[in-house]
Amino acid sequence: MLHFIFMAVAGVYAQGTSIRGKVTAETGESLPGVTILQKGTTNGTTTDTEGNYALSLSSSSGTLVFSFIGYETKEVNFSANQTTLNIRLEADAKALEEVVVVGYGTQKKETVTGAVTSVKGAEVTKSPALNVANNLAGRLPGLTTVGSSGEPGYDGVRLRIRGVNTFGKADPLVVVDGVPGRSLERIDPNTIESISVLKDASAAIYGAQAANGVILITTKRGKTGKPTITASFNQGYGRPTRIPDMANAAEYATMLNEIDQYAGKAPRFQPADIQKFQDGSDPWGHPDTDWFREVLKPWSGQNQGNVSVSGGSEAMKYFVSLTSRTQDGFYFNSGTKYNQYDFRSNLDGNITKNISLGVDLSGRMEDRNFPTRSAGSIFRMVMRGKPNLPAYWPDGTPGPDIEYGDNPVVVSTKATGYDRDKRYVMNSNFKLNVQLPWVKGLSFTSNAAIDKGVRFNKTFQTPWYLYSWDGKTMDANGKPVLVKGKKGFEDPRLNQYMEDNLGILLNGLLNYERTFATDHGFKFLVGIERITNSGDNFNAFRRNFTSTAIDQLFAGAVDQFTSNTGSGYNRGRLNYFGRANYDFKAKYLAEFVWRYQASYIFEKSSRFGFFPGVSLGYVVSQENFWKNITPVNYFKLRASWGKTGFDEVSFEDVLQEYRYLTTYGLGGLAFVDNGGANFNPTLYENGVPNANTTWEKALQRNIGFDAELLDGKVSITADYFNNQRSDILWRRNASIPLSTGMQLPPENIGKTANRGFDFNIDYKNNINGDFTYSVGLNGGYAKNKIVFWDEAPGNPDYQLSTGRPIGSPLYYQAIGIFKDQAAVDAYPHWSGARPGDVIFEDVNKDSKIDANDRVRMPKSDIPTWTGGLNLNIGFKGFDFTALVQGAAGAARYITTESGEIGNFLQSFHDNRWTPENPNASGPRTFNRSNEYWMSQQNTFWFRKTDYVRLKNIEIGYSLPAFTQKWGIQRLRIYTNAYNLLTYSPDYKDFDPELGSGSGQGYPLQKIINGGLSVNF
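None of the values given here were measured: they were computed from a predicted structure. (Residues numbered from 1 in each chain as written. Predicted model: local features only at pLDDT ≥ 70, side-chain atom pairs only at ≥ 80, totals over all residues. Heavy atoms only, no water.)

Chemist: What should I look at first to understand the overall build of the protein chain in this one?
Modeler: For the protein chain, the helix and strand inventory stands at 10 helices and 50 strands. Against the 2.2 N^0.38 benchmark of 31 Å for 1016 residues, the protein chain shows a C-alpha radius of gyration of 33 Å, consistent with a compact globule. C-alpha atoms of the protein chain, sized along the principal axes, occupy 100 × 75 × 70 Å. By the burial criterion, 50% of the 1016 residues in the protein chain qualify as buried. Across the protein chain, the fraction of contacts at a sequence separation of at least 24, relative to all contacts at a separation of at least 6, is 70%. Working note: accessible area of the protein chain is about 45200 Å², and carbon and sulfur atoms make up 55% of it. Charge separation in the protein chain, taken as the distance between the mean sites of 106 positive and 101 negative side-chain charges, equals 5 Å. (Helix = DSSP H or I, 4+ residues; strand = E, 2+ residues; numbered from the N terminus. Rg over C-alpha atoms; globule rule 2.2 N^0.38 Å. Buried < 20%, exposed > 50% of the residue type's maximum accessible area, 1.4 Å probe, protein only. Contact = heavy atoms within 4.5 Å. Areas by Shrake-Rupley, 256 points an atom, 1.4 Å probe, with all protein chains shown as cover. Lys, Arg positive; Asp, Glu negative; His and termini not counted. Charge placed at Lys NZ, Arg CZ, Asp CG, Glu CD.)

Structural data, given as structure tokens:
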């Protein structure tokens, strides 16, 4: 196929003459990616990484047009027999005004007055992680990412813009090509042009969905020029970033003996047993199993392939992309696998001089495959896996279960059945733009977006078999006799789930943009928008299948266990919005944005809300006095104030839809009639209604500056923000305690405050045009506190959550380990404390340890500090990028199920107290939660998760220009890595981002990847 393309391209351009040359900037720097077009034709090419080009011409003379973003377009005549033409392009001051995507439009960066940060799609694709959300960490100041799982298909992250501002849902609004609610995680990264984050009042144009910030994604579009075909493929291999070291069989047996000793019992293992565990002399009776090694492969594969075509003429531009992505699970013979297939077509055409039309179509299929046991369940068993039990017997037969029939080397495969989850998503957007000729600068834009989603989930659970040995029964050959046992369900059973969703967005926007008297710039936007979402779902279940050969519902028994159910929903929002911008000589800047919005969630009479935002800018560097400050050639001050809202109010993670109504459910008690033939569920009230429920309200204030130094080599952006959130949904815990027997509905009573700053510093330079480099440092700090949530009275100040961060826990303060009985007797202690126990601080100095000694901690599991260091280097055909990312200010509680129930961490074994090691840093061996310092949460297990990662690193090489003789404009080979190194000094057993401090979750992954990309 590639040979055919090469021959076709060569055949087309074999006619006429040929010309080549080099394109440079005023500084002498080579310019890669410059478009060269033979005027009057679609014949053209682009320069390679060294600025060289070669073009076969269709005529012996004519004009070549050289164009490049940020430089003035240049037309140069060529004549017969001319074979070389070197060109130097001059910088275009106007073109260098970078465009930033904002709500419902774009703005020149120099006129932006809000706190908006952005990243190019090309930066995102430098990471081999398939989920786009995982590629944002460390790239956008003010955006916090916390990855809680690396499971294929469910490897999303928690995104927080400027920290946490609410007790409820804190996710930002994601808008893709102007349509809210589309997926950030599953979008194809190869199609992304840019990602912008609205962090302050600039988000007010999205009204009651914008309080948590807004992420805007813009996809690629076609550009004028001959067709450009880009193809890429990469193959990667992943493994967990960090898995804990666990105690071996001899160590575990020793600790079980210690548990017996502390309980006054005889030890269950003799020295000879421990020796056999240690030397491996009896693999049948005394195995030593590393459960992580038995369950997880050394490396798991993934790959991604993409083909795109873009180009067009003044009449029609196009961008078309196809992508395939595959990711395997970490397990041996994995039942986990994720496949995704993407298609996108963005078309832009001019119907007449004043009317243009855009048609965007994109679709994807998400194919998730899992075992019938969840990742949390599997890794719970891996963590609990006792090293003195076999995963496999020495003859390769699966060993016994740890609990509930679960042996993770089996339940992580398809031996227990399957869980298939297929999702089909089709997104479309039809755009009409009309330039109204009778009023200069006036235009009308209309969008009609239709999003269709279908999900089909099928879980077929079948029995499986494990083998046990009583430790003594042998066959005639002296081989242990294994007993086969059925595990899981006695019979196969099938559950099927289906849902069908439809979202429709219709809007109309009137735009006006004019400059008056050369100094006064004015832009105005006003729009109306209607968004509706509806869906239905259906669920059916049958069991007692006579065979596992047929996994269809009809083959299951129709009995008392058969069930089916279904539901549906309708949601809608109506929005009126606008934006007005004014600038005087691009020096004094002002912007006003607003949204008047109605949400289906609230009662009709109070359904509408008004959300304004105001921002101002002052470009001080345009003043005459500033010109003497030579190092700083550009300086702009910005300030903003605005009110936004959040209508997806939730309580205890449940969306509070229709809470203004009395709602009912079916179930609970039942009655029978017709002689018991009919079984009728009763209707019950779901909860007390609250007709006054309303959206959360956010007051956002921001002040910042943008600066450029040293002729643009250094750029700095910094912002300080002060956010206040009110009307957060919460229940009155103090005014109406539960002891009254009354339970009022949640009310909008909560208040929080959040302050901080974020910044970005970039330096870029080149040496002799061949060596280019840039260094970027960004960071952010956000610290919140609870202002009010009707906290129960009577507790001491150091236990109150009011005034402290959201999610801050209440713990006993661990101040050491009792080294001996004298130490126990010398300090107040928990009843029954003994040497080797954790010392709880007597906080209130009353000479006893009780609940009054617990202290509210100043940390949650969301970092207060985040940042990233970006490095880019280019030398001739070589390029190198690296991203170092880190976070600080968070902590997580470590708790493992250890003792007779499961294994211990190696770090616990090494640091534990024993009579022979009384000065140990850790407590004595414990059995589950039997000890007070395991059942009562305390700071000994509360560890800081501060970390630094080598988040991404890539090195590539673009082959020299001789490849152009085969019709190849660019051929690049590269290798990159993701999460390659992680340093977290206080949190060493698990990944510092993993959502579980017990290790009972799918680990985050590191990836090593290699690839090839080619442009025709």
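Structure shown, so let's carry the discussion forward.
Chemist: Explain the pairing of strand β29 (residues 588–599) to me, please; I cannot follow it from the model alone.
Modeler: Where strand β28 (residues 563–584) lies against β29, 12 bridges are found, and the strand directions are antiparallel. Note on β29: the bridge partner recorded for phenylalanine 577 is arginine 595. The antiparallel pairing of β28 with β29 creates a hairpin that spans three residues between the two strands, and lysine 585 there sits at a positive phi of about 55 degrees. One ladder, built from 11 bridges, connects β29 with strand β30 (residues 608–619); its direction is antiparallel. Among the inter-strand pairings, tryptophan 594 is bridged to a residue of β30, identified as proline 612. (Pairing = 2+ DSSP bridges.)

Chemist: What is the right way to read a negative patch on the surface from this model?
Modeler: On the surface, Asp245, Asp288, Asp290, Glu294 and Asp910 cluster together to form a negatively charged patch. Relative to the helices and strands, aspartate 290 resides in the loop between α4 (271–279) and α5 (291–295). (Patch = residues over 30% accessible without salt bridge, like charges linked within 9 Å, V, L, I, M, F, W, Y side chains within 5 Å. Salt bridge = Lys/Arg side-chain N within 4 Å of Asp/Glu carboxyl O.)

Chemist: Explanation requested: the nonpolar core in the structure shown.
Modeler: Generally speaking, soluble globular proteins have nonpolar side chains that are buried together. In this structure, Tyr331, Trp933 and Trp941 are the most contacted members of the largest nonpolar core, which totals 63 residues. Among the elements that make up this core, the one with the highest residue count is helix α3 (residues 249–262) (eight residues). Not counting chain neighbours up to four residues away, the residues in contact with tryptophan 941 comprise Arg892, Tyr893, Ile894, Phe908, Pro923, Phe926, Trp933 and Met934. (Core = buried A, V, L, I, M, F, W, Y, C linked by side-chain atoms within 4.5 Å.)

Chemist: Explanation requested: the packing of α3 against α4 in the structure shown.
Modeler: When two helices pack together, their arrangement is given by the angle between the helix axes and by the axis-to-axis distance. Close contact between α3 and α4 brings their axes to 7 Å; oriented N to C, the two are set at 155 degrees. Taken as axis vectors, α3 and α4 run roughly antiparallel relative to one another. Where α3 abuts α4, its residues Ala249, Ala250, Ala253, Thr254 and Asn257 lie against Ile274, Phe277 and Gln278. Here the residues of the contact of α3 with α4 are counted per class, giving five nonpolar, three polar and no charged. (Axes fitted to C-alpha atoms, helices over the stretch in contact; angles between N-to-C directions. Parallel < 35°, antiparallel > 145°, perpendicular 65-115°, else oblique. Nonpolar A, V, L, I, M, F, W, Y, C, P; charged D, E, K, R; others polar.)

Chemist: Even after reading the chapter, I still don't get the packing of aromatic side chains, so can you show me in this structure?
Modeler: Ring pairs (aromatic) are described by centroid distance and by the angle formed between their planes. Within the structure shown, the criterion is met by 50 aromatic pairs. Between tryptophan 730 and tryptophan 789, the aromatic rings sit 4.8 Å apart at their centres with planes inclined by 25 degrees, giving stacked as the arrangement. Placement of tryptophan 730 in strand β37 (residues 714–730) and of tryptophan 789 in the loop between β39 (771–788) and β40 (810–812) is noted, with a sequence separation of 59 residues between them. Three or more aromatic residues link up through ring pairs in this structure, and these residues are Tyr252, Phe904, Phe908, Phe926, Trp933, Phe940 and Trp941. Above the face of the phenylalanine 940 ring, arginine 943 is positioned so that its terminal group lies 5.3 Å from the ring centre. We note arginine 949 situated over the ring of tyrosine 947; from NZ or CZ to the ring centre the distance is 5.0 Å. (Phe/Tyr/Trp six-rings, centres within 6.5 Å; stacked < 30°, edge-to-face > 60°. Lys NZ or Arg CZ within 6 Å of the ring centre and 35° of its normal.)

Chemist: Looking at this model, I keep getting lost on α4. Mind explaining?
Modeler: Side chains of residues three or four places apart in an α-helix project in the same direction, reflecting 3.6 residues per turn. Turning to α4, its buried residues are Asp273, Ile274 and Phe277. Buried residues of α4, seen end-on, are gathered within an arc of 95 degrees and therefore sit on one face of the element. Facing away from the buried side of α4 by over 90 degrees, the exposed positions are Pro271 and Gln278. Looking at the buried positions of α4, the neighbouring elements they touch are α3. Glycine 280 sits one or two positions beyond α4 and adopts a positive phi of about 70 degrees. (Arc of directions from axis to C-beta.)

Chemist: Mind showing me how you'd approach the sheet that holds strand β1 (residues 18–25) here?
Modeler: Hydrogen bonds between backbone groups are what pair the strands of a sheet, and the pairing can be parallel or antiparallel. The sheet built from three strands is open, its strands ordered β4-β1-β7 with mixed pairing. Two strands lie at the open edges of the sheet, namely β4 (52–56) and β7 (87–89), each paired on one side alone. Going from strand to strand, the sheet's axes swing by 30 degrees on average, the running direction of each strand aside. Of the strand pairs in this sheet, β1 and β7 are connected by three bridges, and their pairing is parallel. The residue of β7 that forms the bridge with valine 23 is isoleucine 87.

Chemist: Quick question: what am I supposed to make of a positive patch on the surface here?
Modeler: Among the surface-exposed residues, Lys337, Lys414, Arg420 and Lys422 lie close enough to one another that they form a single positively charged patch. Overall, the relative accessible area of 39% leaves arginine 420 in the partly exposed class.

Chemist: Even after reading the chapter, I still don't get α3, so can you show me in this structure?
Modeler: Look at α3: 20 Å from first C-alpha to last across 14 residues, which is about the 20 Å you get at 1.5 Å a residue. Counting buried positions along α3 gives 12 out of 14 residues, so the element sits mostly inside the fold. Every buried residue of α3 is listed here: Ala249, Ala250, Glu251, Tyr252, Ala253, Met255, Leu256, Asn257, Glu258, Ile259, Asp260 and Tyr262. Close packing links the buried residues of α3 with α4 and α9 (906–911). (Expected span 1.5 Å × (residues − 1).)

Chemist: How do you make sense of the environment of phenylalanine 635 when you look at a structure like this?
Modeler: Here phenylalanine 635 is to be found in strand β31 (residues 632–646). Judged by its relative accessible area of 17%, phenylalanine 635 falls in the buried class. A C-alpha to C-alpha distance of 8.3 Å links phenylalanine 635 and glutamine 622, two positions 13 residues apart in sequence. Setting aside chain neighbours within four positions, we find phenylalanine 635 in contact with Tyr618, Val619, Val620, Ser621, Trp626, Phe705, Asp706 and Ala707.

Chemist: Help me understand the side chain of glutamine 1005, please; the structure alone is not making it clear to me.
Modeler: Within the element layout of this structure, glutamine 1005 appears in strand β50 (residues 1005–1015). The buried category is assigned to glutamine 1005, whose relative accessible area is 9%. At a separation of 3.3 Å, a polar atom in the side chain of glutamine 1005 contacts the side chain of glutamine 327. (Polar contact = N/O pair within 3.5 Å; in protein donor to acceptor, adjacent residues only side chain to side chain.)

Chemist: Sorry if this is basic, but what is going on with the environment of asparagine 733 here?
Modeler: Mapping asparagine 733 onto the fold places it in the loop between β37 and β38 (747–767). You can call asparagine 733 partly exposed: its relative accessible area is 37%. With 394 residues separating them in the primary sequence, asparagine 733 and asparagine 339 have C-alpha atoms 47 Å apart. Residues in contact with asparagine 733, not counting those within four places in the same chain, are Asp790 and Ala792.

Chemist: How do you make sense of the confidence of the model for the protein chain when you look at a structure like this?
Modeler: The predicted structure's coordinates, where accompanied by low pLDDT, should not be read in detail. The share of residues in the protein chain with pLDDT of 70 or more is 95%, and the mean pLDDT across the chain is 91. Scored below 50 in pLDDT, residues 1–16 makes 12 contacts in the model with residues more than four places away or belonging to other chains. (pLDDT = per-residue confidence, 0-100.)

Chemist: When you look at the sheet that holds strand β14 (residues 179–180) in this model, what are you seeing that I'm missing?
Modeler: A sheet is described by the order of its strands in space; here five strands give the open sequence β10-β15-β16-β13-β14, paired in mixed fashion. At either margin of the open sheet sits one strand with a lone partner, and together these are β10 (116–120) and β14. Bridge count between strand β15 (residues 192–198) and strand β16 (residues 214–219): six bridges; the pairing is antiparallel. From the neighbouring strand, serine 196 faces β16, where its bridge partner is leucine 216.

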